[in-house]
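# Structure assessment
Now for the letters of each chain:
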Amino acid sequence: MIKEAICFLIRETGWSLEYIAGLPLIKFYALVEELRYQRACDDYKEAFNFARLQATLCSDKTHRYGAEDFIGSPPERNERRINLTDFPKVARVVGHRRDTIKPISRSIGILN
């Protein structure tokens, strides 16, 4: 999970690995969650246009379809707060310092 989240953050923001490794864990996970939500919203908007077209083509006099019938409802923001107990197991096991992601990155072989 950590490797995928770091790669996702690098790909979406263009930030360096060293900068991301220096982020506090709470901020790191909050950024990843927000970027995932924003990406899901963008994907939903794009899919909605195709679903609307599909709904138009499939609708007839007996049944009227909507875009939501094909792609479901829009994504919802995860409103729960992030606690230290929510971190992946590797974050709890690895280190004595939990204030940045750097110790975790080193332990799983991402940073030297």
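Residues numbered from 1 in each chain as written. Predicted model: local features only at pLDDT ≥ 70, side-chain atom pairs only at ≥ 80, totals over all residues. Heavy atoms only, no water.

With that settled, consider helix 1 (residues 2-13). Helix length check: helix 1, at 12 residues, gives a terminal C-alpha distance of 16 Å against a target of 16 Å (1.5 Å per residue), a fit within 8%. Among all positions of helix 1, only I2, A5, I6, F8 and L9 are buried. Viewed end-on, helix 1 has its buried residues packed into an arc of 160 degrees, placing them on one side of the element. Across helix 1 from its buried face, at more than 90 degrees, point the exposed residues E4 and R11. (Helix = DSSP H or I, 4+ residues; strand = E, 2+ residues; numbered from the N terminus. Expected span 1.5 Å × (residues − 1). Buried < 20%, exposed > 50% of the residue type's maximum accessible area, 1.4 Å probe, protein only. Arc of directions from axis to C-beta.)

Once that is clear, we can look at the environment of T56. With respect to the helices and strands, the residue T56 is situated in helix 3 (residues 25-58). Looking at T56, its side chain comes within polar contact range of the main-chain oxygen of R52, at 2.9 Å. (Polar contact = N/O pair within 3.5 Å; in protein donor to acceptor, adjacent residues only side chain to side chain.)

Helix length check: helix 3 (34 residues) gives 47 Å between terminal C-alpha atoms against 50 Å at 1.5 Å per residue, within 8%. Residues of helix 3 that are buried include every one of L25, F28, Y29, V32, Y37, C41, Y44, A51 and A55, and no others.

Attention shifts here to the nonpolar core. Among the nonpolar cores identified, the biggest contains 11 residues, and these are I2, A5, I6, F8, L9, I20, L23, L25, F28, Y29 and V32. Secondary-structure elements contributing two or more residues to this core are helix 1 and helix 3. With five residues, the single largest contributor to this core is helix 1. (Core = buried A, V, L, I, M, F, W, Y, C linked by side-chain atoms within 4.5 Å.)

This paragraph deals with the packing of helix 1 against helix 3. Two elements in contact, helix 1 and helix 3, have axes separated by 10 Å at closest approach and are oriented at 65 degrees. As for the relative orientation of helix 1 and helix 3, their crossing is left-handed in sense. Here I2, A5, I6, F8, L9, E12 and T13 of helix 1 lie close against helix 3, whose contacting residues are F28, Y29, L31, V32, L35, R36 and R39. Looking at the contact of helix 1 with helix 3, its residues break down into 10 nonpolar, one polar and three charged. (Axes fitted to C-alpha atoms, helices over the stretch in contact; angles between N-to-C directions. Left-handed = near helix turned anticlockwise from the far one by under 90°. Contact = heavy atoms within 4.5 Å. Nonpolar A, V, L, I, M, F, W, Y, C, P; charged D, E, K, R; others polar.)

On to the pattern of salt bridges, then. Oppositely charged side chains are able to pair whenever their charged atoms sit close together. In this structure the tally under the stated criterion is three salt bridges. In this structure, the salt-bridge partner of R36 is E33, at a minimum N-O distance of 3.9 Å. One end of the pair, R36, and the other, E33, are both in helix 3, three residues apart, so they sit about a helical turn from each other. (Salt bridge = Lys/Arg side-chain N within 4 Å of Asp/Glu carboxyl O.)

Once that is clear, we can look at the packing of aromatic side chains. Within this structure, the stated rule accounts for four aromatic pairs. A ring pair is formed by W15 and Y19, whose centres lie 5.2 Å apart and whose planes are at 75 degrees; its orientation type is edge-to-face. Judged by relative accessible area, which is 31%, W15 ranks as partly exposed. Between the aromatic rings of Y65 and F70, the centroid separation amounts to 5.7 Å while the plane-to-plane angle is 50 degrees, which identifies the pairing as tilted. (Phe/Tyr/Trp six-rings, centres within 6.5 Å; stacked < 30°, edge-to-face > 60°.)

Quick look at the confidence of the model for the protein now. The share of residues in the protein with pLDDT of 70 or more is 70%, and the mean pLDDT across the chain is 78. Per-element mean pLDDT across the protein ranges from 41 in helix 5 (residues 89-94) up to 92 in helix 4 (residues 68-71). (pLDDT = per-residue confidence, 0-100.)

Before going further, it helps to spend a moment on the environment of Y44. With respect to the secondary-structure elements, Y44 resides in helix 3. By relative accessible area, Y44 is classed as buried at 14%. Once the C-alpha coordinates of Y44 and I71 are considered, the two residues, 27 residues apart in sequence, prove to be 8.1 Å apart. If we skip the residues at most four places from it in the chain, Y44 touches E68, I71, G72, S73, P74 and P75.

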